[in-house]
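Architecture and fold: a report
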Amino acid sequence: MLWQGRAALELGKALLRQARFQHQQAGYNLNGCDGRSAACADTLKEAQTRLRAVHDLSIMSGTEKLWTDAQMYLACAAFFHGDEDEAIQHLSEHMQAKVNRLRLFISGLTNK
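Along each chain, residues carry numbers from 1 onward, in the same order as the chain's sequence is written. Only residues with pLDDT of at least 70 are given local features in this predicted model, and only at 80 or more are side-chain atom pairs given and counted; all residues enter the totals for whole chains, interfaces and linings. Each side-chain value is worked out from all heavy atoms of the structure, with water and hydrogens disregarded.

1. Description of the overall build of the chain
- Helix numbers and strand numbers start at the N terminus; a helix is a DSSP run of H or I with at least 4 residues, a strand a run of E with at least 2. Secondary structure summary: the chain contains four helices and zero strands in total.
- For the chain, the share of sequence-separated contacts (at least 6 apart) that also reach a separation of at least 24 residues comes to 60%.
- When the accessible area of the chain is evaluated, it comes to approximately 7,100 Å², of which 58% is carbon and sulfur surface. Working rule for contacts: check all heavy atoms of both residues, and any pair within 4.5 Å makes them a contact. The protein chains shown are the only cover counted for residues, whose accessible areas, like all others here, come from Shrake-Rupley with a 1.4 Å probe.

2. Some points on the packing of helix 1 (residues 2-25) against helix 2 (residues 38-61)
- Axis definition: a line fitted to C-alpha atoms, over the contacting stretch in the case of helices. Angles run 0 to 180 degrees between N-to-C directions. Close contact between helix 1 and helix 2 brings their axes to 8 Å; oriented N to C, the two are set at 160°. As the angle between them shows, helix 1 and helix 2 are arranged roughly antiparallel. For the element pair helix 1 and helix 2, the recorded crossing hand is left-handed.
- Residue type decides the class: Asp, Glu, Lys and Arg count as charged, Ala, Val, Leu, Ile, Met, Phe, Trp, Tyr, Cys and Pro as nonpolar, and the leftover types, Gly among them, as polar. Taken together, the residues that form the contact of helix 1 with helix 2 break down as 13 nonpolar, seven polar and three charged. Geometric relationships in this document are graded by angle, where less than 35 degrees denotes roughly parallel, more than 145 denotes roughly antiparallel, 65 to 115 denotes roughly perpendicular, and other angles denote oblique. For a crossing to be left-handed, the near helix must be turned anticlockwise from the far one by less than a right angle; the clockwise case is right-handed.

3. So, helix 1
- By this rule the span expected of a helix is its residue count minus one, scaled by 1.5 Å. Relative to the 34 Å expected for 24 residues at 1.5 Å per residue, helix 1 spans 34 Å between its end C-alpha atoms, a close match to the ideal helical length.
- Note on classification: 1.4 Å probe, protein chains only; a residue is buried when its accessible area is under 20% of the maximum for its type, exposed when over 50%, partly exposed between these limits. Residues G5, L9, G12, K13, L15, L16, A19, Q22 and H23 constitute the buried set of helix 1.
- Buried-residue contacts for helix 1 involve helix 2 and helix 3 (64-81).

4. Brief notes about the environment of H55
- Residue placement: H55 occurs in helix 2.
- Using a relative accessible area of 15% as the deciding quantity, one classes H55 as buried.
- Residues H55 and L66, spaced 11 residues apart in sequence, show a C-alpha to C-alpha distance of 7.5 Å.
- Once you skip the residues sitting within four places of it in the chain, H55 turns out to touch W67, A70, Q71 and L74.

5. Some points on helix 2
- The end-to-end C-alpha separation of helix 2 is 35 Å, in line with the 34 Å expected for 24 residues at 1.5 Å each.
- Those residues of helix 2 lying buried are C40, T43, L44, A47, Q48, L51, V54, H55, L57 and S58.
- Looking at the buried residues of helix 2, the elements they touch are helix 1 and helix 3.
- Following helix 2 by one or two positions, G62 adopts a phi angle in the positive range, close to 70°.

6. A short note on the pattern of salt bridges
- Any Lys or Arg side-chain nitrogen found within 4 Å of a carboxyl oxygen on Asp or Glu counts as a salt bridge. Tallied over the full model, the rule gives six salt bridges.
- When the shortest N-O distance is used, the salt bridge between R101 and E64 registers 3.9 Å. One end of the pair, R101, is in helix 4 (residues 84-110); the other, E64, is in helix 3, with 37 residues separating them in the sequence.
- Take E64: its relative accessible area is 35%, and that puts it in the partly exposed class.
- The structure contains a network of salt bridges with shared partners spanning R6, K65 and D69.

Here it is in structure tokens:
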């Protein structure tokens, strides 16, 4: 199941890059798909769908690394889409997971 998650993550990342490229090709100066580029919006929606699938798969499989990677790219996709609140939520969860992992590591060191 891990290889499926990694493959879906890479596909989501590639689609996100493609959406940004389509956006740049359209010549917009705005930061995100603003509805004028249907191809960009469609590609971004597909990227978000793939990344959410990775997120859900990582929760079901208990794969923390995959989950944190999905959170980071979901934040990027949300920001690019113009949903800053969602992006901040994903980044907050991503950083909290990193803090929790570090605390666990440090407590393991002090118990030795």
